[in-house]
Amino acid sequence: VPVGGKVLKFVAWIDHPDGDERPVKTKVWADGRLVFDGAIRRSAPLFLDIPATPGQTHMVLETEIDRLWAPRDYGMPDRRGLGLSVRDWVWE
């Protein structure tokens, strides 16, 4: 991600149908630094303020979750495995 400010406003969520009953363990790294390690619920998006690494022109974001969900397991024709959705990021 090209650096365009001092702080990256990062928004992500999960849409797992059972995500409130079974929160999804999530990790987020920025430039190799762990900036979030916890569980997120379907009803509570993840909001992070991630400071830019001084002197860098780009930021590398990595994410990990402990499980995907498959719409076909819920009777939908969609065959994808879905995980963390990154809704937006904005520099301030």
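Described in the following lines is the structure provided in the data block. A quick note: this is a predicted structure, and the numbers were derived from the prediction, not measured.

Quick notes on the rules
- Residues numbered from 1 in each chain as written.
- Predicted model: local features only at pLDDT ≥ 70, side-chain atom pairs only at ≥ 80, totals over all residues.
- Heavy atoms only, no water.
- Pairing = 2+ DSSP bridges.
- Helix = DSSP H or I, 4+ residues; strand = E, 2+ residues; numbered from the N terminus.
- Axes fitted to C-alpha atoms, helices over the stretch in contact; angles between N-to-C directions.
- Buried < 20%, exposed > 50% of the residue type's maximum accessible area, 1.4 Å probe, protein only.
- Polar contact = N/O pair within 3.5 Å; in protein donor to acceptor, adjacent residues only side chain to side chain.
- Contact = heavy atoms within 4.5 Å.
- Core = buried A, V, L, I, M, F, W, Y, C linked by side-chain atoms within 4.5 Å.
- Salt bridge = Lys/Arg side-chain N within 4 Å of Asp/Glu carboxyl O.

Thoughts on the sheet that holds strand β5 (residues 61-65)
Judged by pairing direction, the sheet is antiparallel, and its three strands sit side by side in the order β3-β2-β5 without closing on themselves. This sheet does not close on itself; its edge strands, each paired only once, are β3 (33-40) and β5. Each strand of the sheet is rotated relative to its neighbour by a mean of 15 degrees, with strand direction disregarded. Relative to β5, strand β2 (residues 24-30) runs antiparallel, the two being bridged by five bridges. The partner of Trp-29 across the bridge, within β5, is Glu-62.

Here's the deal with the side chain of Asp-18
By the element assignment, Asp-18 lies in the loop between β1 (7-14) and β2. Look at Asp-18 and you get buried, because its relative accessible area is 16%. One polar contact links Asp-18 to Arg-67, side chain to side chain, over a distance of 3.2 Å. Not counting the four nearest positions on each side in its chain, Asp-18 is found in contact with Arg-67 and Tyr-74.

So, the nonpolar core
Of all hydrophobic cores here, the largest spans 16 residues; its most connected members are Leu-48 and Ile-50. Among the secondary structure elements, those contributing two or more residues to this core are β1, β2, β3, β4 (46-51) and β6 (84-91). Looking at this core, the element that brings in the most residues is β1, giving four residues.

Digging into the pattern of salt bridges
For the structure shown, the criterion picks out six salt bridges. Linking Lys-9 and Asp-49 is a salt bridge whose minimum nitrogen-to-oxygen distance equals 3.1 Å. In this pair, Lys-9 is assigned in strand β1 and Asp-49 in strand β4, connecting sequence segments 40 residues apart. With relative accessibility at 26%, the residue Lys-9 sits in the partly exposed group. A salt bridge links Asp-15 to Arg-42, with the nearest nitrogen and oxygen atoms 2.9 Å apart. Note that Asp-15 is positioned in the loop between β1 and β2 and Arg-42 in the loop between β3 and β4, a separation of 27 residues in sequence. Overall, Asp-15 belongs to the partly exposed group, its relative accessible area being 34%.

A word on the pairing of β4
Burial of the side chains of β4 is restricted to one face: Leu-46, Leu-48 and Ile-50 are buried, whereas none of Phe-47, Asp-49 and Pro-51 on the reverse face is. Across six bridges, β1 lies against β4 in antiparallel orientation. If you follow Lys-9 over to β4, its bridge partner there is Asp-49.

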